[in-house]
Amino acid sequence: MGAFNWILIDATCPACQMSVTMRCQTHAASDYGGDDTGRFHDREYRLGERMARWPKDDRRYDDWNHPEDMDGPGENQERTYAHCPSCEAQLIAVIAFEDLVAMRVLDVSLDDDRSHD
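Here the structure is a predicted model, which is why all the values come from computation and not from measurement.

**Digging into the overall build of the chain**
1) Next: Helix and strand counts for the chain stand at 0 helices and 8 strands.
2) Next: Put simply, the chain runs from its N terminus to its C terminus through helices and strands in the order β-β-β-β-β-β-β-β.

This is how it looks when you write it as structure tokens:
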């Protein structure tokens, strides 16, 4: 099991059509290590918040478990697992990141691959 963090988004569930706050599991900026603020794992962030991580000049930076292109200029996307807190539907949210900040939600859809769990 890999380390992960959570992005909280406000969205409409495609299954029940309720407007809810969803927790989306992301691997961006996740690591079982950490600093004096704690581990870089299982933290919650909202859109627009910069995610905690080692600075680039830290010797541990190269060992960081993060997508290579998520800490550079430009926008990158990640498909994240989510679920609706209202109806428990299993969902996929596509989130756009820029320099390890979740900027916006591109899509929320049913996760057909997990519908039989």
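Now that the structure has been shown, the text picks up again.
**Side note on the packing of aromatic side chains**
1) Next: Inspection of the entire model under this criterion finds 2 aromatic pairs.
2) Next: An angle of 85° between the planes, with centres 5.1 Å apart, marks the rings of Phe 40 and Trp 54 as edge-to-face. In this pair, Phe 40 sits in strand β4 (residues 38-40) while Trp 54 sits in the loop between β5 (44-46) and β6 (75-83), placing the two residues 14 residues apart along the sequence.
3) Next: Judged by relative accessible area, which is 7%, Trp 54 ranks as buried.
4) Next: The ring of Trp 6 has Arg 23 lying over it, and the distance from NZ or CZ to the ring centre is 3.9 Å.

**Quick look at the pattern of salt bridges**
1) Next: What the rule picks out here adds up to 1 salt bridge.
2) Next: Close ionic contact of Glu 44 with Arg 23 constitutes a salt bridge, the shortest N to O distance being 3.0 Å. Of this pair, Glu 44 sits in strand β5 while Arg 23 sits in strand β2 (residues 19-26), and the two are 21 residues apart along the sequence.
3) Next: Residue Glu 44 is classed as partly exposed on the basis of its relative accessible area of 45%.

Cut-offs and rules
- Residues numbered from 1 in each chain as written.
- Predicted model: local features only at pLDDT ≥ 70, side-chain atom pairs only at ≥ 80, totals over all residues.
- Heavy atoms only, no water.
- Helix = DSSP H or I, 4+ residues; strand = E, 2+ residues; numbered from the N terminus.
- Phe/Tyr/Trp six-rings, centres within 6.5 Å; stacked < 30°, edge-to-face > 60°.
- Buried < 20%, exposed > 50% of the residue type's maximum accessible area, 1.4 Å probe, protein only.
- Lys NZ or Arg CZ within 6 Å of the ring centre and 35° of its normal.
- Salt bridge = Lys/Arg side-chain N within 4 Å of Asp/Glu carboxyl O.

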